[in-house]
Amino acid sequence: MRPIKLVLEGIRSYRNRTEIDFTDLSLFALIGDTGAGKSSIIEALCLALYGGTTWSGRNVNELMSDAAERMAVELTFSAEGETWTVTRAHRRTGGAPTHKLTSESGLKVDGADAVNKRIQAVLGLTKDQFLR
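On a predicted model such as this, the values are computed, not experimentally measured, just so you know.

Criteria and cut-off values
Residues numbered from 1 in each chain as written. Predicted model: local features only at pLDDT ≥ 70, side-chain atom pairs only at ≥ 80, totals over all residues. Heavy atoms only, no water. Helix = DSSP H or I, 4+ residues; strand = E, 2+ residues; numbered from the N terminus. Buried < 20%, exposed > 50% of the residue type's maximum accessible area, 1.4 Å probe, protein only. Contact = heavy atoms within 4.5 Å. Salt bridge = Lys/Arg side-chain N within 4 Å of Asp/Glu carboxyl O. Expected span 1.5 Å × (residues − 1). Core = buried A, V, L, I, M, F, W, Y, C linked by side-chain atoms within 4.5 Å. Pairing = 2+ DSSP bridges. Axes fitted to C-alpha atoms, helices over the stretch in contact; angles between N-to-C directions.

We now examine the side chain of H90. One can find H90 in strand β4 (residues 82-91). Residue H90 is classed as buried on the basis of its relative accessible area, which comes to 10%. The residues contacting H90, other than those within four sequence positions of it, are L47, V60, N61, M64, E69, R70, M71, P97 and H99.

Below you can see the structure in the form of structure tokens.
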């Protein structure tokens, strides 16, 4: 079985590095009390895959935890018979954001637009389709 894993840090409810391993799950639900971080997981997935939020597009600083100076998300997933890892990171002040996509076969893509286009091609889903 190929790995499916989300690592997030500095995103809303997840100030500290948190890893969620979906590898052995075939069907799951995000449940919990108000403020437990369910929507933060969805936002982290959207940020990883499409470089933006579910509600305002690309103003990702809205996702940053109040006390955090940096937020980062890394998603490892399988598509097109390969394992892919997308990494995105943003700082509150200064420094260019990070947008990287790599595959197990050695493909490397850098830059927000290039990563977004490649992920859309790999998944066969636009951001709007993903959000429905």
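The tally for this structure, following the rule as stated, stands at three salt bridges. Among the salt bridges present, the one from R70 reaches E9, with a minimum N-O distance of 3.9 Å. On the criterion of sequence distance, the pair formed by R70 in strand β3 (residues 70-79) and E9 in strand β1 (residues 5-9) is long-range, its members being 61 residues apart. Its salt-bridge partner being R118, residue E80 comes within 3.8 Å of it at the nearest N-O pair. Separated by 38 residues along the polypeptide, E80 in the loop between β3 and β4 and R118 in helix α2 (residues 112-123) bring together distant segments of the chain.

In this section: helix α1 (residues 38-50). One turn of an α-helix holds 3.6 residues; hence residues three or four places apart share an orientation. The end-to-end C-alpha separation of α1 is 19 Å, in line with the 18 Å expected for 13 residues at 1.5 Å each. In terms of burial, α1 is a largely internal element, ten of the 13 residues being buried. All of the buried residues in α1 are S40, I41, E43, A44, L45, C46, L47, A48, L49 and Y50. Close packing links the buried residues of α1 with β1, β2 (18-21), β3, β4, α2 and α3 (127-131). Positioned one or two residues after α1, G51 has a phi angle of 70°, which is positive.

Counting residues in hydrophobic clusters, the biggest one holds 29 residues, and the most contacted among them are L6, I11, L75, F77 and V86. Of all the secondary structure elements, the ones that give two or more residues to this core are β1, α1, β3, β4 and α2. Tallying contributions element by element places α1 first for this core, with seven residues.

To continue, consider the sheet that holds strand β5 (residues 98-103). Overall, antiparallel pairing links the six strands, which are arranged β2-β1-β3-β4-β5-β6 in an open sheet. Each edge of the open sheet carries a strand with a single partner, namely β2 and β6 (108-110). Shown here is a sheet whose adjacent strand axes are inclined to one another by a mean of 10°, direction ignored. Two elements, β1 and β2, share four bridges in a ladder whose sense is antiparallel. The residue of β2 that forms the bridge with V7 is E19. Its contacts with the sheet place α1 against β1, β2, β3 and β4, and it is angled at close to 75° to β3. The strands touched by α2 within the sheet are β3, β4, β5 and β6, with β4 carrying the most contacts at an inclination of about 150°.

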